[in-house]
Amino acid sequence: ELRCKFGLVNGLPLLQGEPDLLALWLLLYPGDIEAHLDAMNSAGQRSNSKFQPISEHEYVRFWGMCIAARQFSEKGKHLWSDGESEGVRSSPDFDTFMSEHRFATIRRMIPNICPTSASDPWLRFRPMIEGFNENRAKVLHADGDVTADESMSAWQPRLDKYGGLP
């Protein structure tokens, strides 16, 4: 049972004010983390007898690093470099959190989470999407009021130079 900073309501975290984002991420995670770890660890053991099992902590950290990587101009192996960055921000030096080799090992095990099928190329993604949607329906309850904003409108390209702005 996950506990947020603001306690539980009907077994779910009360997310008012500043939510515990990790707890929310774990609640919305598509599927069962333990089952996914079992599938990855079993596949790892089959492929290499010296395979070190992936812990839940490592797995969550892996996904955090994937999300964080989007904030940097560096890509791939350069995320583990502690040299000068090309952008305004300093180099991320992901080695502080996980070795590049371990990250690559976990990344190679991800495909073992979902089944594959030659006749259905979407089968590998479908359980993750359905799991996310199921968890979202269980965890997030919309208020009666709906507020529309620009992100809910379809994008319409402007043909003129200033896009209709003065």
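Residues numbered from 1 in each chain as written. Predicted model: local features only at pLDDT ≥ 70, side-chain atom pairs only at ≥ 80, totals over all residues. Heavy atoms only, no water.

**Concerning a nonpolar patch on the surface**
Cut-off, in case you're wondering: Only residues whose relative accessible area exceeds 30% and that take part in no salt bridge are eligible for patches, with like-charged residues grouped when within 9 Å of each other and nonpolar side chains (Val, Leu, Ile, Met, Phe, Trp, Tyr) grouped when within 5 Å. Per-residue and other accessible areas follow the Shrake-Rupley method at a 1.4 Å probe size, with only the shown protein chains counted as cover for residues. Only one rule defines a salt bridge in this text: a Lys or Arg side-chain nitrogen within 4 Å of an Asp or Glu carboxyl oxygen. To sort residues, take the accessible area from a 1.4 Å probe on protein chains only and compare it with the maximum for the residue type: under 20% means buried, over 50% means exposed, and anything in between is partly exposed.
A surface patch of nonpolar side chains, about 360 Å² in accessible area, is lined by W122, F125 and I129. Accessibility expressed as a relative area gives 55% for W122, which makes it exposed.

**Describing the nonpolar core**
Soluble globular proteins tend to bury their nonpolar side chains together. Note the following rule: We call a set of buried residues a nonpolar core when its members are Ala, Val, Leu, Ile, Met, Phe, Trp, Tyr or Cys and they connect through side-chain atoms within 4.5 Å of each other. Counting from the N terminus, the helices are DSSP H or I runs at least four residues long and the strands are E runs at least two residues long. By definition, residues are in contact when any of their heavy atoms lie within 4.5 Å.
Judged by nonpolar contacts, the single largest core of 23 residues is most densely connected at M40, I54, Y59 and F94. Elements with a minimum of two residues in this core: α2 (33–47), α3 (56–69) and α4 (100–109). Examining the composition of this core, we find that 5 residues originate from one element, α3, more than from any other. Excluding its chain neighbours within four sequence positions, the residues that come into contact with Y59 are Y29, I33, H36, L37, M40, I54, I106, I110 and I113.

**Looking at the packing of aromatic side chains**
This is how it is decided: Pairing of aromatic side chains requires ring centres within 6.5 Å, counting the rings of Phe and Tyr and the six-membered ring of Trp. Pairs whose planes differ by under 30 degrees are stacked, by over 60 edge-to-face, and all others tilted.
A full pass over the atoms with the stated rule returns 8 aromatic pairs. Ring geometry for Y29 versus Y59: centroids 6.0 Å apart, planes at 80°, classification edge-to-face. You can see Y29 sitting in the loop between α1 (21–28) and α2 and its partner Y59 sitting in helix α3, a full 30 residues away along the chain. The exposure class of Y29 is buried, given its relative accessible area of 3%. Residue class for Y59 comes out buried when judged on its relative accessible area of 0%. Taken together, W25, Y29, Y59, F62, W63, W80, F94, F97 and F103 form an aromatic cluster joined through their ring pairs.

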